[in-house]
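Observations on the model geometry
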Amino acid sequence: MPSITFTQPDGTAQRLEVEQGTTLMRAAVSNGIDGIVGECGGQAMCATCHVYIRPEYADALPELGADEDEMLDCTAAERTERSRLGCQISTGASLPEIIVDIPAGQV
């Protein structure tokens, strides 16, 4: 079963086991992870599921799409080369585990 570890700005971490195909945003919202809002429900239209991907997982991710790229310009926290929207990243065969850092603010 795939796993997602969400690390808060204070360093505390919560690891979730999720069904294959679950997005980071859906896993966070369904499990009450602080700092992930998901206002648009996963449509890449709000940037409230912004996360920082750990570098060791970057190669397993899909390419950044145009909509996601545009929304990342609207994040409340600083956009970096590690910034992605959690609604656009799903667990699966190429991503059986991932650790992400949650920004200090989403809205």
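Residues numbered from 1 in each chain as written. Predicted model: local features only at pLDDT ≥ 70, side-chain atom pairs only at ≥ 80, totals over all residues. Heavy atoms only, no water.

The condition is simple: UniProt positions are given in the numbering used here, feature names are shortened, and annotations may be inferred rather than shown by experiment.
Identification of the chain as Ferredoxin from Glutamicibacter soli is taken from an unreviewed UniProt entry. As recorded by UniProt, the Cofactor (unreviewed entry) comment attached to the chain reads in full: "[2Fe-2S] cluster".

Describing the overall build of the chain
In plain terms, the rule: In this description a helix means any DSSP run of H or I spanning at least four residues, a strand means any run of E spanning at least two, and both kinds are numbered starting from the N terminus. Note on method: radius of gyration uses C-alpha positions; expected globular size equals 2.2 Å times residues raised to 0.38. With a 1.4 Å probe rolled over the protein chains alone, any residue whose accessible area is under 20% of its type maximum counts as buried; one over 50% counts as exposed, and the rest are partly exposed. Residue contacts are defined here by distance: any two heavy atoms, one from each residue, within 4.5 Å place the two residues in contact. The protein chains shown are the only cover counted for residues, whose accessible areas, like all others here, come from Shrake-Rupley with a 1.4 Å probe.
Across its full length, the chain carries two helices and five strands. By the compact-globule yardstick of 13 Å for 107 residues, the chain fits well, its C-alpha radius of gyration being 12 Å. When burial is assessed residue by residue, the chain has 45% of its 107 residues classed as buried. Residue pairs in contact within the chain that sit at least 24 positions apart in sequence constitute 62% of those at least 6 positions apart. Total accessible area computed for the chain in this model is approximately 5,700 Å², and 45% of it derives from carbon and sulfur atoms.

Concerning the environment of Ala60
Take Ala60: it is sitting in the loop between β3 (50-53) and α2 (66-72). Taking the C-alpha atoms as reference, Ala60 lies 21 Å from Ala13; in sequence the two are 47 residues apart. Apart from the residues within four sequence positions on either side, Ala60 is in contact with Ser94 and Leu95.

Observations regarding the sheet that holds β3
Applied cut-off: Any two strands are treated as partners once DSSP identifies two or more bridges connecting them. Every angle, taken between N-to-C directions, lies between 0 and 180 degrees, and every axis is a line fitted to C-alpha atoms, over only the stretch in contact when it is a helix.
The mixed open sheet is built from five strands, whose spatial order is β2-β1-β5-β3-β4. Strands at the two margins of the open sheet, each flanked by one partner only, are β2 (13-17) and β4 (83-85). Taken over all neighbouring pairs, the strand axes of this sheet differ in orientation by 35° on average, direction set aside. Strand direction decides the pairing type here: β3 and strand β5 (residues 97-101), joined by two bridges, are antiparallel. Across the sheet, Ile53 pairs through a bridge with Val100, a residue of β5.

Overview of the pattern of salt bridges
Note the cut-off: Put simply, a salt bridge is a Lys or Arg side-chain nitrogen that is within 4 Å of an Asp or Glu carboxyl oxygen.
The final tally for this structure, using the stated rule, is six salt bridges. Its salt-bridge partner being Glu17, residue Arg15 comes within 3.4 Å of it at the nearest N-O pair. Its relative accessible area of 52% is what places Arg15 among the exposed residues. With its nearest N and O atoms 2.4 Å apart, the salt bridge here joins Arg79 to Asp69. Taken together, the residues Arg79 in the loop between α2 and β4 and Asp69 in helix α2 connect sequence positions 10 residues apart. Residue Arg79 is classed as partly exposed on the basis of its relative accessible area, which comes to 31%. We classify Asp69 as partly exposed; its relative accessible area is 33%.

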